[in-house]
Amino acid sequence: MDDSILFVMFPYCAVILAVIGGVYRYYADRFSYSSLSSQLLENRTLFWGAIPWHYGIVPVLLAHLAALIVPGWWGVLLGDPIRLAVLELAGMSLGFMALAGIVILIARRLLHPRVRAVTSVMDWLLTALLLLQVSLGVHIAFTYRWGSLWYHHTAVPWLRSLATLLPDAAPIVHLPAAVRAHMVIGFVIILLFPFTRLAHVFSFPLRYLWRPWQIVLWNRRFHPRRQKGRAGNGNHEPAP
Amino acid sequence: MPSVLGLRRFQKDTDSTSAETGALPGAKERHMDRAGHALLFAVAMEIAVLCATICPLYALDEAASAGEGSQVDAVIAYLEERAPEQSAMPVAASTELARGDFRRGIKLFTGIISLQKGGAPCYACHTVSGIAPLGGGSLGPDLTGIYARFGATGLPPVLATLPFPTMQPIYRTRLLTSREQRDLVAFFSAVAGRTPVDCPSRMVVPAVAGFLLLFAVVGVVWRRRLRSVRRALVEEMTRQGGVDG
């Protein structure tokens, strides 16, 4: 496909649709502006999927954004081989963690019937795309070193050219196909923001970080230990 | 209404689980079983996804950039052809080379000293044998043997113009200054005798170690997480030998 379609027209279309769709969803169906929780249905596998996924992907995404917003500082930060190696290795570890997290989350949705029952087509599409995107990201990080440095001189000028409405895809059109696919899929994911559970990125309750804390008290009846003979045969009724 | 359907199916699933096993839904054994399956499945899925996406991308690379590849080959062939002709002027070349600072060349290559016009440091995409603990970039070719390939007179014009399709958009308006070119030539001539080595394996081990460490940290930090309200109550009751009345 023509590069200008993929790397100029498509990004603009994706962002415009995401903004219009996002605003529309906010006013038309505000209560849905979240990620439908399935924690009540299954919470053990969820922990090992959701925590590694979010703690892996958020710093990696922020690093992508930081290079875009403050390229000068980013260049200075990476201007030393040791700092670069430390940051790249941290990024790779986080990438692996995000990858493991999304794989566990997808496996959970496939294998737990209750969670599968509440999974929509868009959920499948989104998680599959995220898996693909993170796999590509990890692959790129290992195969085409040093991504954080050349990103700064290829993708950043391209994205900034898009942002300033003077689009120029020249810096990226000669990059390997895996890198270009990573860029296009990135914009596909942006496009999907308002149409999927990804909307929760914008409704994350950040103010929880500074709201007053709450104390939760449990009222429980005290049960003195029964006689040994009756305990442990496993046939007892659950608590009412 | 997926959520309503989901709830119905969930209820059905819960009922059938209770009826079949006589145990509570979500009993521990079932979870252990699920976790094992999930792990196996996860590994299989990851391998499948990597094979299914990355292999065609490589094929696409080769097919789509056939023209570009031949363009690079043509540039290199031209430069290599010219190199011996130009070595007919050794005096000027060696004088130029003598002015280059090898140590400054290393710093320019690795980005410790920024390029004056703001171009990317060579190190972002290229490596030279033995320059840093984890080596340089691997997006572009290894430059350890570049001096041997192009020679003392063939290399400066390459550095002056950087006539490669991938590099042109980055350096077109940010070419190397003549001093930077001389320092880099001095650096490349100093490393010409080394054997090129690739070191991706050096990256994989610490990255996997970091990943395992992060997973362990997650387990430790959240060890006192609220695993379940109801399940904990039921387990406690069971341990205590049932419920009154």
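Residues numbered from 1 in each chain as written. Chains lettered and ligands numbered in written order. Predicted model: local features only at pLDDT ≥ 70, side-chain atom pairs only at ≥ 80, totals over all residues. Heavy atoms only, no water.

Another point: the overall build of chain B. Of the regular secondary structure elements, chain B holds 10 helices and zero strands. The buried share of chain B, reckoned over its 245 residues, is 39%. Here the analysis covers contacts within chain B between residues at least 6 apart in sequence; of these, 63% occur between residues at least 24 apart. Of the accessible surface of chain B, which amounts to about 13,800 Å², a share of 63% is contributed by carbon and sulfur atoms. (Helix = DSSP H or I, 4+ residues; strand = E, 2+ residues; numbered from the N terminus. Buried < 20%, exposed > 50% of the residue type's maximum accessible area, 1.4 Å probe, protein only. Contact = heavy atoms within 4.5 Å. Areas by Shrake-Rupley, 256 points an atom, 1.4 Å probe, with all protein chains shown as cover.)

The next point concerns the packing of helix 6 (residues 121–143) of chain A against helix 9 (residues 177–192) of chain A. Residues and elements named next belong to chain A. Packing of helix 6 against helix 9 brings their axes to within 10 Å, and their N-to-C directions diverge by 150°. The orientation of helix 6 relative to helix 9 falls into the category roughly antiparallel. When the axes of helix 6 and helix 9 are compared, the crossing they make is left-handed. Across from Met 122, Leu 125, Leu 126, Leu 129, Leu 130, Leu 132, Gln 133, Leu 136, Gly 137, His 139 and Ile 140 in helix 6, the residues of helix 9 making contact are Ala 178, Val 179, Ala 181, His 182, Ile 185, Gly 186, Val 188, Ile 189 and Leu 192. (Axes fitted to C-alpha atoms, helices over the stretch in contact; angles between N-to-C directions. Parallel < 35°, antiparallel > 145°, perpendicular 65-115°, else oblique. Left-handed = near helix turned anticlockwise from the far one by under 90°.)

Now for the packing of aromatic side chains. Two numbers describe a pair of aromatic rings. These are the distance of the centres and the angle of the planes. The full count for this structure, using the stated rule, is 17 aromatic pairs over all chains. Note on Phe96(A) and Phe211(B): the rings are 5.8 Å apart at their centroids and 50° apart in plane angle, and the pair reads as tilted. Of the two residues, Phe96(A) sits in helix 4 (residues 81–111) while Phe211(B) sits in helix 9 (residues 200–221), which places them in two different chains. For the ring pair Phe102(B) and Phe187(B), a centre distance of 6.4 Å and an interplane angle of 25° mean the geometry is stacked. With Phe102(B) in helix 5 (residues 102–110) and Phe187(B) in helix 8 (residues 178–190), this pair connects stretches of sequence that are 85 residues apart. Of the residues examined, Phe102(B) reaches a relative accessible area of 29% and is grouped as partly exposed. A connected cluster of aromatic rings, assembled from ring pairs, spans Phe47(A), Trp48(A), Tyr55(A), Phe96(A), Phe142(A), Phe211(B), Phe215(B) and Trp222(B). One residue, Arg145(A), lies across the ring of Trp146(A), its end atom 5.4 Å from the ring centre. The ring of Phe47(A) is capped by Arg225(B), whose NZ or CZ atom sits 3.6 Å from the centre of that ring. (Phe/Tyr/Trp six-rings, centres within 6.5 Å; stacked < 30°, edge-to-face > 60°. Lys NZ or Arg CZ within 6 Å of the ring centre and 35° of its normal.)

Turning next to unusual backbone geometry. Note: most peptide bonds trans; most residues except glycine with negative phi. Residue and element names in this part refer to chain A. Between Arg 145 and Trp 146 the backbone carries a cis peptide bond, its omega angle lying at -20°. Here Trp 146 lies in the loop between helix 6 and helix 7 (147–153). In this structure, Leu 165 takes a positive phi of about 65° despite not being glycine. Relative to the helices and strands, Leu 165 is located in the loop between helix 8 (155–163) and helix 9.

Residues and elements named next belong to chain A. Using the criterion set out here, one finds four salt bridges over all chains in the structure. For Asp 123, the salt bridge is made with Arg 197, and the minimal N-O distance between the two is 3.1 Å. Of this pair, Asp 123 sits in helix 6 while Arg 197 sits in the segment after helix 9; the two residues are 74 residues apart in sequence, bridging distant segments of the chain. Each member of the pair, Asp 123 as well as Arg 197, carries the same accessibility label: buried. (Salt bridge = Lys/Arg side-chain N within 4 Å of Asp/Glu carboxyl O.)

A pair of packed helices is characterised by two quantities: the angle between their axes and the separation of those axes. Residue and element names in this part refer to chain A. Running from amino to carboxyl end, helix 4 crosses helix 6 at an angle of 155°, the nearest separation of the two axes being 10 Å. If you check the angle between helix 4 and helix 6, you find them roughly antiparallel. Between helix 4 and helix 6 lies a crossing whose hand is left-handed. Two secondary-structure elements touch here, helix 4 through Met 92, Gly 95, Phe 96, Ala 98, Leu 99, Ile 102, Val 103, Ile 106, Arg 109 and Leu 110 and helix 6 through Asp 123, Trp 124, Thr 127, Ala 128, Leu 130, Leu 131, Val 134, Ser 135, Val 138, Ala 141 and Phe 142. Partitioned by chemical class, the residues of the contact of helix 4 with helix 6 number 16 nonpolar, three polar and two charged. (Nonpolar A, V, L, I, M, F, W, Y, C, P; charged D, E, K, R; others polar.)

Since there are 3.6 residues in each turn of an α-helix, residues three or four apart along the chain are aligned in direction. Between its first and last C-alpha, helix 2 (residues 44–69) of chain A extends 38 Å over 26 residues, near the 38 Å set by a 1.5 Å rise per residue. For helix 2 of chain A, the full list of buried residues reads Thr45(A), Leu46(A), Phe47(A), Gly49(A), Ala50(A), Ile51(A), Pro52(A), Trp53(A), Gly56(A), Ile57(A) and Ala67(A). (Expected span 1.5 Å × (residues − 1).)

All right, on to the nonpolar core then. Counting residues in each nonpolar core, the largest one holds 100 residues, and the members touching the most others are Trp150(A), Trp158(A), Phe109(B), Leu184(B) and Phe188(B). In this view, Phe188(B) contacts Phe109(B), Val128(B), Leu143(B), Ile146(B), Tyr147(B), Leu155(B) and Leu159(B); residues no more than four positions away in its chain are not counted. (Core = buried A, V, L, I, M, F, W, Y, C linked by side-chain atoms within 4.5 Å.)

The next point concerns the confidence of the model for chain B. Residue and element names in this part refer to chain B. On average, residues of chain B score 74 in pLDDT, and 58% of them reach the 70 mark or higher. Element-level pLDDT for chain B is lowest in helix 1 (residues 2–21), with a mean of 41, against a maximum mean of 91 in helix 8. In the predicted structure, residues 1–28 sits below a pLDDT of 50 and forms 24 contacts with residues beyond four places in sequence or in another chain. Taken together, the stretch residues 85–93 has pLDDT below 50 and engages in six contacts with residues farther than four places along the chain or on a different chain. Here the predicted complex scores 0.77 on pTM and 0.80 on ipTM. (pLDDT = per-residue confidence, 0-100.)

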